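Next come the chains, spelled out residue by residue.
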Amino acid sequence: MVAPFELTDDNVVVIIGTGAGGGVLANELAQKGVSVVALEAGGRYLPDDYVNDEWASFGQLAWTDTRTTSGDWRVAKDFSNLPAWIVKAVGGTTTHWAGASLRFQPHEWKARSSYGEVEGANLLDWPIDADEMAPFYTRAEDKLGVTRTNGIPGLPGNNNFKVFEAGAKKIGYKEVHTGRMAINSQERAGRMACQQTGFCFQGCKWGAKWSAAYTDIPAGEATGYLEVREKAHVARILHDASGKVTGVEYFDEAGELQMQRARVVCVAGNSFESPRLLLNSHSSMFPDGLANSSGMVGRNYMRHLTGSVYGIFEKPVHMYRGTTMAGIVQDEARHDPSRGFVGGYELETLSLGLPFMAAFLDPGAWGREFTTALDSYENMAGMWIVGEDMPQESNRVTLSDAEDRFGLKVANVNYSDHPNDKAMRDHAYRQGAAIYDAVGATRTLPTPPYPSTHNLGTNRMSERPEDGVVNRNGRAHDVPNLYVSDGSQFTTGAAENPTLTIVALAIRQAEHIASEMNQGTL
Ligand SMILES: Cc1cc2nc3c(=O)[nH]c(=O)nc-3n(C[C@H](O)[C@H](O)[C@H](O)COP(=O)(O)OP(=O)(O)OC[C@H]3O[C@@H](n4cnc5c(N)ncnc54)[C@H](O)[C@@H]3O)c2cc1C
Ligand code: SF4
């Protein structure tokens, strides 16, 4: 059977969300001849549609439906209805992402064993490890065209990188380079090389940066086995009396409720919407939500330890020219408890444009301190901290009393830093400032976390059903034909940007689902 598929077709795999996890899974399954209906809440935007203007682009692509927040994280105060910066569009957040593509370090798959008991944290080992993931990482790097892998050269460094590199080397860092980026440093896979225009977060108009929107999704559609329905917001997942899922209800573009039958359902709506959907799919058989016999759906939300450091110099840097994330220091990514915390962090160059800088540098700030910093924008260099935050049961997504335009309860996101997160961030602020001080910064600005871009956990993978939501293949412990295919399946977050791992897990999950379907066990 080829696309388009009937609503009554109960042989299709339904995938909810078409981002890094869902978009890749959809293509990988379609390449194997599996019929897929991918339902995506957002519309379809391609490079010609992207806007090189920060707020206009945000308005075009970002998920701005209401969410609520709680907890002592600063985001709850500064951006109470915007806990996360993610995308609602075909291709998901891979339209906005910067492209940093790093593998987990081997010990990070086994955080509980590597770090031991950490009070207040709910650490757990992943049921899979580095050796098992290695071939899938290799395939993911090839798919994304990651620089410094598969013989692909690194990108050239921009000014922001040159300042960062000089400071980092001066204070003794050794692992400093222009990163492993899913951005073409040379023409590849029919897409051109990076033009260094500096609007990576707004969707790459040149198509040089990998995004599922214009790679995996059209490739899947070309097979005839993938149908993407855009502006299709899934409301709930349905099941039969045996507890197997049978399909989904969704609101179509006209706001009409539709029902799509399914043989398998894969949830890939990012770490707020995926647990929200499972919780909203409660029934008399599953009163606490689907796949939630452990009570773990929504829990152990992680967002990476983040924060930024900006440095102001006497002369212009023009950090906004060239790739947004132009280089990395990896020396602090190791696990070394002598620094006063477990786990590690990466330092990566970052540039925000002036409109975003005004909103995010010090939310709510006013007066001379703040305006003089903005006056110095041309002379600024910037970096982002990304480190492993601790999973905590009380950091969680629950259903709020507020409802969206479809009458569906929205996600409330509760988050408070763990003492380990605070200790790591303070260390990173100090090291970041030292990098800029070493090359003559006149001022350094430690900057609090922005709305979360790396959203992880909330449906975590576990060996034992009582510890998590899905098993080693992302299959729900409780429901045999329900999968989680996005960043919400992360058991722990590691120090590295997550998308390469999400893509590698999607490639692996496609192998598993196709093989089970072929054997008739799914
Ligand atoms: C500015 C920015 C920069 C980033 N840079 C990097 C980077 O350099 N490296 C890195 O590794 N990561 C980066 N990330 C993070 C990366 O984009 C995410 O980790 C990744 O895209 C998450 O994949 P996902 O499949 O979990 O969800 P997404 O890619 O967010 O996809 C989820 C999709 O599901 C859809 N959806 C949700 N609910 C429903 C529903 N009910 N019905 C239908 N559809 C639904 C959403 O509309 C969305 O399209 C960045 C993110 C941002 C915002
Ligand atoms: S800097 Fe390169 S990757 Fe970023 S938007 Fe421009 S061309 Fe695309």
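Everything numeric here is computed off the predicted structure, so don't read it as measured data. (Residues numbered from 1 in each chain as written. Chains lettered and ligands numbered in written order. Predicted model: local features only at pLDDT ≥ 70, side-chain atom pairs only at ≥ 80, totals over all residues. Heavy atoms only, no water.)

Caption draft 1: Looking closely at the site of ligand 1. Around ligand 1 sit 39 residues, and of these Gly 21, Glu 40, Thr 93, Asn 270 and Thr 499 come closest. Gly 99 has a polar backbone atom sitting 3.1 Å from an oxygen atom of ligand 1. Note that a nitrogen atom of ligand 1 is positioned 2.9 Å from one of the backbone N or O atoms of Val 234. In the complex, 98% of the free accessible area of ligand 1, which totals 1000 Å², lies under the protein chains. Sorting the residues of the shell around ligand 1 by element identifies α1 (20-31), β6 (233-239), α8 (270-280) and α12 (499-519) as the ones contributing at least two each. In terms of residue class, the shell around ligand 1 is built from 18 nonpolar, 17 polar and four charged. (Near = heavy atom within 4 Å. Polar contact = N/O pair within 3.5 Å; in protein donor to acceptor, adjacent residues only side chain to side chain. Areas by Shrake-Rupley, 256 points an atom, 1.4 Å probe, with all protein chains shown as cover. Helix = DSSP H or I, 4+ residues; strand = E, 2+ residues; numbered from the N terminus. Nonpolar A, V, L, I, M, F, W, Y, C, P; charged D, E, K, R; others polar.)

Caption draft 2: Broad picture of the site of ligand 2. Within the structure, ligand 2 sits among Ile 183, Cys 194, Gln 195, Gln 196, Thr 197, Gly 198, Phe 199, Cys 200, Cys 204, Trp 206, Lys 209 and Thr 323. A class-by-class count of the residues in the shell around ligand 2 yields six nonpolar, five polar and one charged.

Caption draft 3: Here's a closer look at unusual backbone geometry. For the peptide bond that leads from Ala 3 to Pro 4, omega is 0 degrees, which places it in the cis range. Tracing the sequence through the fold places Pro 4 in the segment before β1 (13-16). In this structure, Ala 291 is a non-glycine residue whose phi angle is positive, near 65 degrees. You can see Ala 291 is positioned in the loop between α8 and β10 (308-312). One non-glycine residue, His 318, lies in positive phi territory at about 55 degrees. Within the element layout of this structure, His 318 appears in the loop between β10 and β11 (328-329). With a relative accessible area of 14%, His 318 lands in the buried category. (Buried < 20%, exposed > 50% of the residue type's maximum accessible area, 1.4 Å probe, protein only.)

Caption draft 4: Region of the structure containing the UniProt feature "domain: Glucose-methanol-choline oxidoreductase N-terminal" (unreviewed entry) in the chain. Mapped onto this structure's residue numbering, the UniProt feature "domain: Glucose-methanol-choline oxidoreductase N-terminal" (unreviewed entry) falls at residues 87-305. Each end of residues 87-305 is marked by a C-alpha atom, and these two atoms are 21 Å apart; helix forms 23% of the span and strand 13%. (UniProt positions renumbered as here; feature names shortened; annotations may be inferred.)

Caption draft 5: The arrangement of the pattern of salt bridges in detail. This model, assessed by the stated rule, comprises 30 salt bridges. A salt bridge links Glu 511 to Arg 139, with the nearest nitrogen and oxygen atoms 3.4 Å apart. Of this pair, Glu 511 sits in helix α12 while Arg 139 sits in helix α5 (residues 130-144); the two residues are 372 residues apart in sequence, bridging distant segments of the chain. By relative accessible area, Glu 511 is classed as partly exposed at 30%. Connected via shared salt-bridge partners are Glu 28, Lys 32, Arg 139, Lys 143, Asp 216 and Glu 511. (Salt bridge = Lys/Arg side-chain N within 4 Å of Asp/Glu carboxyl O.)

Caption draft 6: Fine view of the packing of α1 against α12. Contact geometry of α1 with α12 gives a least axis separation of 8 Å together with a crossing angle of 35 degrees. Regarding α1 and α12, the two cross each other, and that crossing is right-handed. The segment α1 lies against α12, with Ala 20, Gly 21, Val 24, Leu 25, Glu 28 and Leu 29 engaging Thr 499, Ile 502, Val 503, Ala 506, Ile 507, Gln 509, Ala 510, Ile 513 and Ala 514. Of the residues contributing to the contact of α1 with α12, the split by class is eleven nonpolar, three polar and one charged. (Axes fitted to C-alpha atoms, helices over the stretch in contact; angles between N-to-C directions. Left-handed = near helix turned anticlockwise from the far one by under 90°. Contact = heavy atoms within 4.5 Å.)

Caption draft 7: The nonpolar core, seen in detail. Among the nonpolar cores identified, the biggest contains 79 residues, and Val 14, Ile 16, Leu 29, Ile 237, Val 248, Val 265 and Leu 482 are the most heavily contacted of them. Among the elements that make up this core, the one with the highest residue count is α12 (eleven residues). Leave out the neighbours within four places in its chain, and Val 14 touches Val 37, Leu 39, Val 248, Gln 260, Arg 261, Ala 262, Val 264, Val 265 and Cys 266. Of all hydrophobic cores here, the second largest spans 67 residues; its members include Ile 86, Phe 201, Tyr 377 and Leu 445. (Core = buried A, V, L, I, M, F, W, Y, C linked by side-chain atoms within 4.5 Å.)

Caption draft 8: Molecular detail of the pairing of strand β14 (residues 396-403). In terms of strand pairing, β14 meets strand β15 (residues 409-414) through five bridges, oriented antiparallel. Bridge pairing links Val 397 to Val 413 in β15. Adjacent in sequence and paired antiparallel, β14 and β15 are bridged by five residues, among which Gly 407 carries a positive phi angle near 80 degrees. (Pairing = 2+ DSSP bridges.)

Caption draft 9: Quick look at the domain arrangement of the chain. Here the chain is described as being made up of domain 1 (7-97 + 102-145 + 211-303 + 394-415 + 456-522) and domain 2 (155-209 + 305-387 + 417-448). The distance between the C-alpha centroids of domain 1 and domain 2 comes to 28 Å. Summing both partners gives a buried area of about 3600 Å² for domain 1 against domain 2, and 53% of it is carried by carbon and sulfur. Ranking the residues of domain 1 by area buried against domain 2 places Asn 52, Glu 54 and Leu 102 at the top, with a combined share of 19%. Linking domain 1 with domain 2 are two salt bridges, by the criterion used here. In this structure, Asp 142 and Arg 188 form a salt bridge, with 2.7 Å as the shortest nitrogen-oxygen distance. (Domains from an automatic or database assignment. Buried area = accessible area lost by both parts, 1.4 Å probe.)

Caption draft 10: Structural context of the packing of aromatic side chains. The full count for this structure, using the stated rule, is 25 aromatic pairs. Between Phe 58 and Trp 85 the ring centres are 6.4 Å apart and the planes differ by 55 degrees, which places this aromatic pair in the tilted class. Remark: Trp 85 occurs in the loop between α3 (74-78) and α4 (111-115) and Phe 58 occurs in helix α2 (residues 54-61); sequence separation between them is 27 residues. Each of the two residues, Phe 58 as well as Trp 85, counts as buried. An aromatic cluster of at least three residues, connected via ring pairs, comprises Trp 55, Phe 58, Phe 79, Trp 85, Phe 201, Phe 356, Phe 360 and Tyr 450. Here Lys 88 stacks its cationic end above the ring of Trp 63, 4.8 Å away from the centre of that ring. Here the guanidinium or amino end of Arg 303 rests over the ring plane of Tyr 415, the centre of that ring lying 5.8 Å away. (Phe/Tyr/Trp six-rings, centres within 6.5 Å; stacked < 30°, edge-to-face > 60°. Lys NZ or Arg CZ within 6 Å of the ring centre and 35° of its normal.)

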